[in-house]
Amino acid sequence: MKTPVADLLSGDVVRRLAAYSGSGPVATCYLDVDGRRYVRPHDYELELERMLRPVRDRERRALKRIEDHVRGGFDRSHTRGLALFSSAADDLWEPLHLPVPVRNQLAINQHPQVRQLEAVIERAERFAVLLADRQRARLFVFQLGQLVDWSERFDRLPRHEDDGGDMVKDQVRDHVDSATRRHLLRTAEAAFELFQESGFDQLLLGAPGDIASALERTLHPYLRERMAARLSVPVGAREDEVREAAVRAEEEVLRTREAVDVERLRSAAGMGDGAVVGLDDVLKALVERRVDTLLVSDGFEAPGWRCSSCGFLATRGPGCPVCSKRMGQASDVVEEAVQEALNQSCHLEVCRGNADLDVLGRIGALLRF
């Protein structure tokens, strides 16, 4: 039985996997099954075969469970990525069907590889889209590109016959403006009601220029502080058009946030106060439990060492400098660092294509002290 996405988004699944310590190796498989790239199941099955071929003789039972799940067929209408965790030694089986694509990856290690899952949760904020004109308003709430809530209202403007005369025209214009103001007020109230029900994190506004500013001023202060961007999307747009615009805006918001955090990291590290960069210094800070936020480039991997006695992480071994025990090799000490950060309840930010972080060594940490 696959784990519901709602359980994943709570963070409990990732924390449980990060803390998992079984008696045998764990096979972790991330597989992109996005229908826009892999039209037929055979297409992503070939990708799975490519990853399995070099390691098929290792952990046969765990890998066969993964292969059977993929080849057995599943509903792709809301699934664009798979995250599968399997261990024969402890009968671990955790299949996650994700509404977003993932980077193809297969690893066999002592621990589940959870960095990509944490990156999904990090991007799982709820984005509301408010579209309005002078008569109509539509509200959508998206999470990971999926529609989770929506509402619509319509306030027809009064119709008048133009019988001539400037005074009559002025009265009609005032009447229409008054109706528009009432419509915007009701729209703002409906948006706040949806916020109270759905608790969205960011708000995107699409409205003609002559009413956009007025509508924004009418919004509740809680909503104004969540304003992330304005969209050039008409109120009558199709749902898929609204979703695509929301996803593009979400990507821009997240890129901007990443850039701000990386700049904070660069500035603090440059002053030698409150941050460290580079794998060795970050591992040391993690061992000392000083990390508040860990920033790591997506796809960054490096071999290293982990002490099973005291938990020390290092890029060099085998002797542990803390307890003098012999450390075990870690095929990817960056993943070990991510798991340690999650176990310490640190914030984690997986940055995609951020050149500034790459220059800093592809990993850095903002410190608690």
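Nothing here was measured: the structure is a model prediction, and the numbers come from that model.

Reading the values: the criteria
- Residues numbered from 1 in each chain as written.
- Predicted model: local features only at pLDDT ≥ 70, side-chain atom pairs only at ≥ 80, totals over all residues.
- Heavy atoms only, no water.
- Helix = DSSP H or I, 4+ residues; strand = E, 2+ residues; numbered from the N terminus.
- Buried < 20%, exposed > 50% of the residue type's maximum accessible area, 1.4 Å probe, protein only.
- Contact = heavy atoms within 4.5 Å.
- Polar contact = N/O pair within 3.5 Å; in protein donor to acceptor, adjacent residues only side chain to side chain.
- Pairing = 2+ DSSP bridges.
- Phe/Tyr/Trp six-rings, centres within 6.5 Å; stacked < 30°, edge-to-face > 60°.
- Axes fitted to C-alpha atoms, helices over the stretch in contact; angles between N-to-C directions.
- Parallel < 35°, antiparallel > 145°, perpendicular 65-115°, else oblique.
- Left-handed = near helix turned anticlockwise from the far one by under 90°.
- Nonpolar A, V, L, I, M, F, W, Y, C, P; charged D, E, K, R; others polar.

Novice: Pulling in residues and values, what's your account of the overall build of the protein chain?
Specialist: A count of helices and strands for the protein chain gives 12 helices and 16 strands. Considered along the principal axes of its C-alpha atoms, the protein chain spans approximately 95 × 55 × 30 Å. Looking at the protein chain as a whole, 48% of its 369 residues qualify as buried. Partitioning the contacts of the protein chain with sequence separation of at least 6, the portion at a separation of at least 24 is 68%.

Novice: For the side chain of Glu335, give the residues involved together with the corresponding values.
Specialist: Within the element layout of this structure, Glu335 appears in helix H11 (residues 333-343). A polar side-chain atom of Glu335 sits 3.1 Å from the main-chain amide nitrogen of Arg115. If we ignore the near neighbours within four places in the chain, the residues touching Glu335 are Pro112, Gln113, Val114 and Arg115.

Novice: Hey, could you go over the pairing of strand S16 (residues 363-367) for me, with residue numbers and the actual values?
Specialist: The buried fraction of S16 is high, at 5 of 5 residues. The alternating pattern of S16 places Ile363, Ala365 and Leu367 and Gly364 and Leu366 on opposite faces, both of which are buried. As paired elements, strand S10 (residues 275-277) and S16 share 3 bridges and run antiparallel to each other. Of the residues in S16, the one forming a bridge with Val277 is Gly364.

Novice: Pulling in residues and values, what's your account of H11?
Specialist: In terms of burial, H11 is a largely internal element, 10 of the 11 residues being buried. Listed in full, the buried residues belonging to H11 are Val333, Val334, Glu335, Glu336, Ala337, Val338, Gln339, Glu340, Ala341 and Leu342. Immediately downstream of H11, the backbone of Ser345 shows phi near 60°, a positive value.

Novice: For the sheet that holds strand S13 (residues 313-314), give the residues involved together with the corresponding values.
Specialist: Across the sheet, which stays open at both edges, the 3 strands sit in the order S13-S12-S14 with antiparallel pairing between neighbours. With partners counted over all chains shown, the strands left at the sheet margins are S13 and strand S14 (328-330), one partner each. The sheet contact formed by strand S12 (residues 304-306) and S13 spans 2 bridges and is antiparallel. If you follow Arg306 over to S13, its bridge partner there is Leu313.

Novice: Lay out the environment of Pro95 with the relevant residues and their values.
Specialist: With respect to the helices and strands, the residue Pro95 is situated in strand S3 (residues 92-98). By relative accessible area, Pro95 is classed as buried at 1%. Residues Pro95 and Leu84 lie 11 residues apart in sequence; the distance between their C-alpha atoms is 4.5 Å.

Novice: Residues and numbers for the packing of aromatic side chains, please.
Specialist: Counted according to the given criterion, the structure contains 7 aromatic pairs. When the ring of Tyr30 is compared with that of Phe85, the centres are 6.1 Å apart and the planes differ by 85°; the resulting orientation is edge-to-face. Taken together, the positions of Tyr30 in strand S1 (residues 26-32) and Phe85 in strand S2 (residues 81-87) put the pair 55 residues apart, joining distant regions of the chain. You can call Tyr30 buried: its relative accessible area is 0%. The rings of Phe192, Phe195, Phe200 and Tyr222 are connected pair by pair, giving a single aromatic cluster.

Novice: So what about the pairing of S2? Which residues, and what values?
Specialist: Side-chain positions along a regular strand alternate between the two faces of the sheet. Burial within S2 is extensive, with 7 of its 7 residues counted as buried. By the alternation rule, side chains of S2 split into Gly81, Ala83, Phe85 and Ser87 and Leu82, Leu84 and Ser86, which are all buried. For S1 and S2, the ladder comprises 6 bridges, and the chain directions are antiparallel. Note on S2: the bridge partner recorded for Ala27 is Ser86. Relative to S3, S2 runs antiparallel, the two sharing 7 bridges. From the neighbouring strand, Leu82 faces S3, where its bridge partner is His97. Between the end of S2 and the start of S3, which pair antiparallel, lie 4 residues, with Asp91 showing a positive phi angle near 55°.

Novice: Pulling in residues and values, what's your account of the environment of Val359?
Specialist: Along the chain, Val359 falls in helix H12 (residues 355-359). Separated by 72 residues in sequence, Val359 and Val287 place their C-alpha atoms 24 Å apart.

Novice: Mind laying out the packing of helix H10 (residues 279-287) against H11, listing which residues take part and the relevant values?
Specialist: The N-to-C vectors of H10 and H11 enclose an angle of 30°; their axes lie 11 Å apart at closest approach. Here H11 runs roughly parallel to H10, going by the angle between their axes. When the axes of H10 and H11 are compared, the crossing they make is left-handed. Across from Leu279, Leu283 and Leu286 in H10, the residues of H11 making contact are Val333, Val334, Ala337 and Ala341. Taken together, the residues that form the contact of H10 with H11 break down as 7 nonpolar, no polar and no charged.

Novice: Give a detailed account of the packing of helix H2 (residues 12-19) against H11, specifying residues and quantitative values.
Specialist: Geometry of a packed helix pair, given as the angle between the helix axes and the separation of the axes. Viewed as axis vectors pointing N to C, H2 and H11 meet at an angle of 120°, and their least axial separation amounts to 9 Å. By the criterion of interaxial angle, the relationship of H2 to H11 is oblique. Two packed elements cross with a definite hand, and for H2 against H11 that hand is left-handed. Residues Val14, Arg15, Ala18 and Ala19 of H2 touch H11, and the partners they reach there are Gln339, Leu342 and Asn343.

No statement about biological role is implied by the geometric values presented.
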